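Observations on the model geometry
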Amino acid sequence: MMMDDISNTTTGRRLTRAVRVGALTVGGSAPVVIQSMTNTDTADALKTAIQCAELARAGSELVRITVNTPEAAAAVPAIREQLDRMDVDVPLIGDFHYNGHRLLADFPECAKILAKYRINPGNVGHGRKRDEQFAQMIEIAGKYDKPVRIGVNWGSLDQELLARIMDANARSATPMDAIGVMREAMVASALESAAKAEEYGLAGDRIILSCKVSGVQDLIAIYRELSRRADYPLHLGLTEAGMGSKGIVASTAAMAVLLQEGIGDTIRVSLTPEPGGKRTQEVVVAQEMLQTMGLRAFTPMVTACPGCGRTTSTVFQELAQTIQNHVRDRMPAWRVEFDGVENMTLAVMGCIVNGPGESKHANIGISLPGTGETPAAPVFEDGVKTVTLRGENIAAEFVAIVDRYVAR
Ligand code: SF4
């Protein structure tokens, strides 16, 4: 019988230029980098440094901060100093709009300390001024040898460029619809700005591009096109993704399609934090996205069955939660160990139907007893049953087994 080879499901990573950002590399053969952004007032150096540290410790490998006022620009050295005191070496990215040229020129320490500048070509100015101000920012980036991200955003798209694309489209023999025009304007804005940056003297391996929109299909279409037309590294992110599960699902739906096609060198999951919610949630989601796709490994993955009528107690759900929290809490220590290596899996199963089989496939698995089964929980390590747990302390004993396995 002839069989199709289904061992390989990805199309391979698209080759991009490698861009250094601080001590990290974005693009080239580097793994997909996770980044996030603070929501503190940057002028409050201590508060911002604390949030940068939280994001970095959660796994954000780059952290972007708003630099919107002279006070914010003046605070950047103090933020770096605080982070150094906390022993957090995460590269800081400055997010500039409208007055970035002035802030970078007036605050050279800020310009020197930031590892990358994000420039939104739609917010640099208008007409001749726009070119001058953009050139000024690129010149400063060149002077301090900093990479830039040319970050186009649908909400602030360059209106002059959009009008030009609409005119050209109206004269075209095969005009695009309004969605096509918008997408083309986004791509053109990024590529024309990158070409200008190179014309003003910035090396091609100091440029990263992004084109953020809030629609899943728009994001996929735009990044496919960007990827087809240029080899700059691409920063992926669905902007204004929304709150809670909607934001997570929309971001994952869009980015997973692109990552599967090898498109994307760095990602941010932009979640609107729920009141009282943690800013670090977006970092956790980004890690889980990359890890569940098999692109990176950060922490042991917990597989748990959904439960059904065979599990009338909540013991196995509680154990799955305990294990999930345990590996997540331990993650900063384990991340280095697991990053870039094969996924480690932990299975927590609710009964005999799939429990032993799934547990044998995981590095470590436990099959809890379902309703009516003998109250015993066999534990499997690398496919072999090593012990059967019983009684009240199953959770604590299983956690200890996991720790011992990881230590080995
Ligand atoms: Fe239900 Fe058992 Fe399957 Fe879990 S493993 S979903 S408890 S049948």
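Residues numbered from 1 in each chain as written. Predicted model: local features only at pLDDT ≥ 70, side-chain atom pairs only at ≥ 80, totals over all residues. Heavy atoms only, no water.

Stated formally: UniProt positions are given in the numbering used here, feature names are shortened, and annotations may be inferred rather than shown by experiment.
An unreviewed UniProt entry lists the chain under the name 4-hydroxy-3-methylbut-2-en-1-yl diphosphate synthase (flavodoxin), with Propionivibrio dicarboxylicus given as the organism. Regarding the chain, the relevant UniProt record gives this comment under Sequence similarities (unreviewed entry): "Belongs to the IspG family." The annotation that UniProt attaches to the chain under Pathway (unreviewed entry) is "Isoprenoid biosynthesis; isopentenyl diphosphate biosynthesis via DXP pathway; isopentenyl diphosphate from 1-deoxy-D-xylulose 5-phosphate: step 5/6."

1. Re the packing of aromatic side chains
To keep things clear, this is the line we draw: Stacked, tilted and edge-to-face are the three classes applied to pairs of Phe, Tyr and Trp rings, where Trp contributes its six-membered ring and a pair requires centres within 6.5 Å; stacked means planes under 30 degrees apart, edge-to-face means over 60, and tilted covers the rest. By the criteria applied, helices consist of DSSP H or I runs no shorter than four residues and strands consist of E runs no shorter than two, each listed in order from the N terminus. For the exposure calls, accessible area comes from a 1.4 Å probe over protein chains only, and a residue counts as buried if that area is under 20% of its type's maximum, exposed if over 50%, partly exposed in between.
Evaluation of the coordinates by the stated rule reveals two aromatic pairs. Ring centres of Phe96 and Tyr117 lie 5.9 Å apart, and the angle between their planes is 85°; this geometry places the pair in the edge-to-face category. Here Phe96 is found in strand β5 (residues 92-96), whereas its partner Tyr117 is found in strand β6 (residues 116-119), with 21 residues between them in sequence. With respect to burial, Phe96 and Tyr117 carry one shared label: buried.

2. Topic: the side chain of Arg130
Here is the rule we go by: Note on definitions: a residue-residue contact is assigned when non-hydrogen atoms from the two residues lie within 4.5 Å.
Within the secondary structure, Arg130 is located in helix α5 (residues 127-143). In this structure Arg130 touches Pro121, Val124, Gly125, Asp158, Glu160 and Lys196, once residues within four positions along its chain are discounted.

3. Looking at the site of the ligand
Our working definition: A cutoff of 4 Å decides nearness: a residue is near a molecule or strand if any of its heavy atoms lies inside that distance of it. For this classification, Asp, Glu, Lys and Arg are treated as charged, while Ala, Val, Leu, Ile, Met, Phe, Trp, Tyr, Cys and Pro are nonpolar and the rest, including Gly, are polar.
Lining the immediate surroundings of the ligand are Cys305, Pro306, Gly307, Cys308, Arg310, Thr311, Met349, Gly350, Cys351, Val353 and Asn354. Of the residues contributing to the shell around the ligand, the split by class is six nonpolar, four polar and one charged.

4. A short note on the packing of helix α6 (residues 159-171) against helix α7 (residues 178-199)
Stated precisely, the cut-off is as follows: Fitted lines through C-alpha atoms give the axes, limited to the stretch in contact for helices. The angle between two N-to-C directions lies from 0 to 180 degrees. The cut-offs work like this: below 35 degrees is roughly parallel, past 145 is roughly antiparallel, 65 to 115 is roughly perpendicular, and the gaps in between are oblique. Left-handed describes a crossing in which the near helix is turned anticlockwise from the far one by less than a right angle; the clockwise case is right-handed.
In the contact formed by α6 and α7, the axes pass within 9 Å of each other and the chain directions differ by 125°. Here α7 runs oblique to α6, going by the angle between their axes. α6 and α7 meet at a crossing whose hand is right-handed. Together, Leu161, Leu162, Arg164, Ile165, Met166 and Asn169 of α6 and Val181, Glu184, Ala185, Ala188, Ser189 and Glu192 of α7 make up the contact between the two elements. Among the residues forming the contact of α6 with α7, the class breakdown is seven nonpolar, two polar and three charged.

5. Let's talk about the sheet that holds strand β14 (residues 377-381)
Rule in force here: DSSP calls a pair of strands paired once it identifies at least 2 bridges connecting them.
Here five strands make up an open sheet; going across it, the order is β11-β12-β13-β14-β15 and the pairing mixed. Only two strands of the sheet have a single neighbouring strand rather than two, namely β11 (301-304) and β15 (384-389). Along the sheet, successive strands turn relative to each other by an average axial angle of 20°, direction set aside.

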